[in-house]
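A look at the structure
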Amino acid sequence: MADAARSTDRFEALDITRKLAAICGTPFARFAGPADEVAGRTARWVAVPGGPHAAAEVLRLAAAHDLTVVPRGAGTKIDWGAAPAQVDIMLDTGRLAGVWHEPRDAAVAEIGAGTPLRAVQATLARTNRRLPVDAPSPGATLGGVLAADESGPLRHRHGSPCAQLVGVRYLDADGELVSVGESGTEALGRATPGSGGGRASGRGPAGDGGGGAGSGPACAADGFGWGADGPAGGAGGDPGRGGGDAILGRGEVPGLDVARLLCGSQGGLGVLVSATMRVHAVPAGRLWVSRPVWTPLEVHDLVRAVLAAGVDPAAVELDLPVPVPLPRRRIPPTHPSVVNRPDHPAVTGRPAAGSLVVLLEGGPADVTERAERLTAVLGAEAIVSHHAPEWWGRYPFAPGDTALRIEVPINDLHAAVYALRDATGGPVPVRGSAGAGTVHAALSGALPPERVASILTAVRSVLIARRGRCVVVAAPAAVRRAVDLWGELPTLPRLRSAKAHLDPHHRLAPGRLPGGL
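It should be emphasised that the depicted structure is a prediction, and the values quoted were computed from it without experimental measurement.

Section: the overall build of the chain
For the chain, the count of helices and strands is 15 helices and 21 strands. Out of the 517 residues in the chain, the part that is buried amounts to 56%. Accessible surface computed for the chain: about 20400 Å², of which carbon and sulfur atoms make up 55%.

Written out as structure tokens, the structure is:
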């Protein structure tokens, strides 16, 4: 409270506090405390608006006083990525919650940004449905998951949460409420430019949108950095002459590609109010087929075999912890899975380094039949279980670690893991979606920043030729300040154009996006 009052004229600070209280209600507006920080940057005020219009008023107040705004959900990923240059108002989305417009037979549901993902799943489960979203952060809100484009094991079949987004309501930097795409039970694409399907008003023409479906949706930072291909089908241009069209091209659904830029943007392009997501029936049968693995190269061979087996996996996950010597049974050297490989660790008895686990979903009989086919492919050591392993859907890093995310074509995942081991001088915990080429790794938080920087340089030099990347997801403050979190980002000019179009005054989470945007 004292810091906020000192950094702004005392009377002005009290006036802003009173105005926030008038907008949100007295219990829901206050000076920030020590715990109200974003990647180490402390906020000055916390506002918890009770609805979209109140949130819009908070943004208009911020614009009138030239204040910055950073959205916060449950705060599970508040320390991910770069620290913002300044946090004046922390806009807590906790009261923008609820599952709306979700009739029993609907294929979509509109969900408030502040709704905890667990609450969403519990509500949908009453009608035997679910979101195919299983973000690992416990307690995360849907808005927080989308803001980080955070994915779990189900990304293998269903793609990222951004890929499942069919409509959105968000607030732009001026506090204008924008509705795009499908909202609740409205037909996707029913809106036309100028009829409310694109931007209601503000910069750029109504319905300014992006390229077609292409190979996937456009995501702003895609979890702290645009993908190698950037927005799908988008063409660069002068944002001053064509609004969103100049940034992304013309899309089938007015404005939806612009809305999808919010995914992974950490609140730097807009404040999410609600999202309309695809929902699916809860699968009647689920089985996990696991097999111990010893080397990244073996993982490469097994993943290829799994994907070629025609078993339609819902997830293909890898866990490679730092090995701990444990006794294990050997298999005969004449077994088909190790024939002509007498030095294989399964024969010599060397402890397994980790495990590869495949999730199968569908009808009970069908899942059982596919599991039998898969065990034949994976060999004698494959095990079928009705329960996920303990590590399933969890990150390999802990608070205080330097957390990395590696994305690479699946045929080169083993090369990325070997490169990381070579750079660090030993095994590193690695876990994630081997079937999608996206894994996380953990470096000790005790490593000095210059050592982390050298590891990143070595790994990125291997990945760049393989169209892969290595991103620092979270790190101790000293490391975060000293290293390049994103690495080379060819689509940075396009991201800069998007920021200039959607937040020209840099009021929304300034500095959270790549390039200090």
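What follows picks up the thread again.
Things to note about the packing of helix α9 (residues 296-308) against helix α12 (residues 413-424)
A pair of packed helices is captured by two measures, namely the crossing angle of their axes and the spacing between those axes. Following both chains from N to C, one finds α9 and α12 inclined at 165°, their axes separated by 8 Å at the closest point. Here α12 runs roughly antiparallel to α9, going by the angle between their axes. Classified by chirality, the crossing of α12 by α9 is right-handed. Only H414, V417, Y418 and R421 of α12 make contact with α9, whose side of the interface consists of P296, L297 and H300. Considering only residue class, the contact of α9 with α12 consists of 4 nonpolar, 2 polar and 1 charged.

As for the packing of aromatic side chains
Scanning the entire structure with this criterion turns up 5 aromatic pairs. On the numbers, 5.7 Å between centres and 70° between planes, the contact of W80 with Y395 is edge-to-face. Taken together, the residues span a long stretch of sequence, with W80 in the loop between β5 (69-72) and β6 (89-92) and Y395 in the loop between β17 (383-385) and β18 (402-407) at a distance of 315 residues. Owing to a relative accessible area of 9%, W80 belongs among the buried residues under this scheme. Ring geometry for W288 against W392: centres 6.2 Å apart, planes inclined by 85°, an arrangement best described as edge-to-face. Of this pair, W288 sits in strand β14 (residues 285-293) while W392 is found in the loop between β17 and β18, placing the two residues 104 residues apart along the sequence. Every member of this aromatic cluster is reached through a ring pair, and the members are W80, Y395 and F397. Between the NZ or CZ atom of R95 and the centre of the ring of F28, over which it lies, the distance is 3.7 Å.

Thoughts on unusual backbone geometry
Positive phi is not limited to glycine here, since D149 has a value of about 45°. For D149, the position within the fold is in the loop between α5 (142-148) and α6 (155-158). Since its relative accessible area comes to 4%, D149 is described here as buried. In this model, R467 sits at a positive phi of 60°, which is unusual for a non-glycine residue. Overall, the relative accessible area of 56% leaves R467 in the exposed class.

So, the nonpolar core
With 48 residues, the main nonpolar core has L356, L360, L374, L404 and L420 as its most contacted residues. Not counting residues within four places of it along the chain, the set of residues in contact with L360 comprises G285, R286, L287, V289, V311, D312, P313, V367, R370, A371 and L374. Among the nonpolar cores identified, the runner-up in size contains 36 residues, and L131, V145, L165 and L492 belong to it.

Quick word on the pattern of salt bridges
With the rule as written, the count across this model stands at 20 salt bridges. Between E407 and R405 there is a salt bridge, with the nearest N and O atoms lying 3.0 Å from each other. An identical accessibility class is assigned to E407 and R405; each is buried. A salt bridge links R469 to E407; the nearest nitrogen and oxygen atoms lie 2.8 Å apart. Within this pair, whereas R469 is found in strand β21 (residues 469-474), its partner E407 is found in strand β18, the two being separated by 62 residues in sequence. The pair formed by R469 and E407 is uniform in burial state, with each residue classed as buried. In the salt-bridge network here, residues are joined through shared partners; they are R30, D36, R72 and D92.

Considering the confidence of the model for the chain
Scored by pLDDT, the chain has a mean of 82; 77% of the residues are at 70 or more. Confidence drops under a pLDDT of 50 for residues 1-7, and excluding neighbours within four residues, the segment shows 8 contacts in the predicted structure.

Brief notes about empty space enclosed by the protein
One pass over the full model with this rule turns up 5 cavities of 30 Å³ or more. Quantified by volume, the largest cavity comes out at close to 380 Å³. Along the wall of the largest cavity there are 30 residues; nearest its centre are P71, G73, G143, G144 and A147. Put simply, the parts of the chain that give the lining of the largest cavity at least two residues each are β5, α5, β10 (165-171) and β12 (271-278). The dominant element in the lining of the largest cavity, judged by the number of residues it contributes, is α5, at 5 residues.

Here's the deal with the pairing of β5
Of the two faces of β5, the one lined by V69 and P71 and the one lined by V70 and R72 are each fully buried. Bridging between β5 and β6 involves 4 bridges; their strand directions are parallel. Bridged to R72 within β6 is D92.

A closer look at the side chain of R129
Position of R129 among the secondary structure elements: in strand β9 (residues 129-130). By relative accessible area, which is 6% here, R129 ends up buried.

Here's the deal with helix α11 (residues 364-378)
A rise of 1.5 Å per residue sets the reference length of α11, with its 15 residues, at 21 Å; its end C-alpha atoms lie 21 Å apart and thus fit the reference within 8%. Among all positions of α11, only V367, R370, A371, L374 and L378 are buried. The buried residues of α11 occupy an angular sector of 110° when projected down its axis, which confines them to one face. Residues of α11 that are exposed and point more than 90 degrees away from the buried face comprise A365, E372 and A376. At its buried positions, α11 is contacted by α6, β14, α9, β16 (354-362) and β17. Once α11 finishes, G379 follows within two positions and takes phi at roughly 100°, a positive value.

Calculation rules
Residues numbered from 1 in each chain as written. Predicted model: local features only at pLDDT ≥ 70, side-chain atom pairs only at ≥ 80, totals over all residues. Heavy atoms only, no water. Helix = DSSP H or I, 4+ residues; strand = E, 2+ residues; numbered from the N terminus. Buried < 20%, exposed > 50% of the residue type's maximum accessible area, 1.4 Å probe, protein only. Areas by Shrake-Rupley, 256 points an atom, 1.4 Å probe, with all protein chains shown as cover. Axes fitted to C-alpha atoms, helices over the stretch in contact; angles between N-to-C directions. Parallel < 35°, antiparallel > 145°, perpendicular 65-115°, else oblique. Left-handed = near helix turned anticlockwise from the far one by under 90°. Contact = heavy atoms within 4.5 Å. Nonpolar A, V, L, I, M, F, W, Y, C, P; charged D, E, K, R; others polar. Phe/Tyr/Trp six-rings, centres within 6.5 Å; stacked < 30°, edge-to-face > 60°. Lys NZ or Arg CZ within 6 Å of the ring centre and 35° of its normal. Core = buried A, V, L, I, M, F, W, Y, C linked by side-chain atoms within 4.5 Å. Salt bridge = Lys/Arg side-chain N within 4 Å of Asp/Glu carboxyl O. pLDDT = per-residue confidence, 0-100. 1 Å grid on protein atoms, 1.4 Å probe; cavity = no way out; pocket = protein on both sides within 12 Å on 5 of 7 lines; lining within 4 Å. Points joined across faces, edges and corners; volume = space filled by probe spheres on them. Pairing = 2+ DSSP bridges. Expected span 1.5 Å × (residues − 1). Arc of directions from axis to C-beta.

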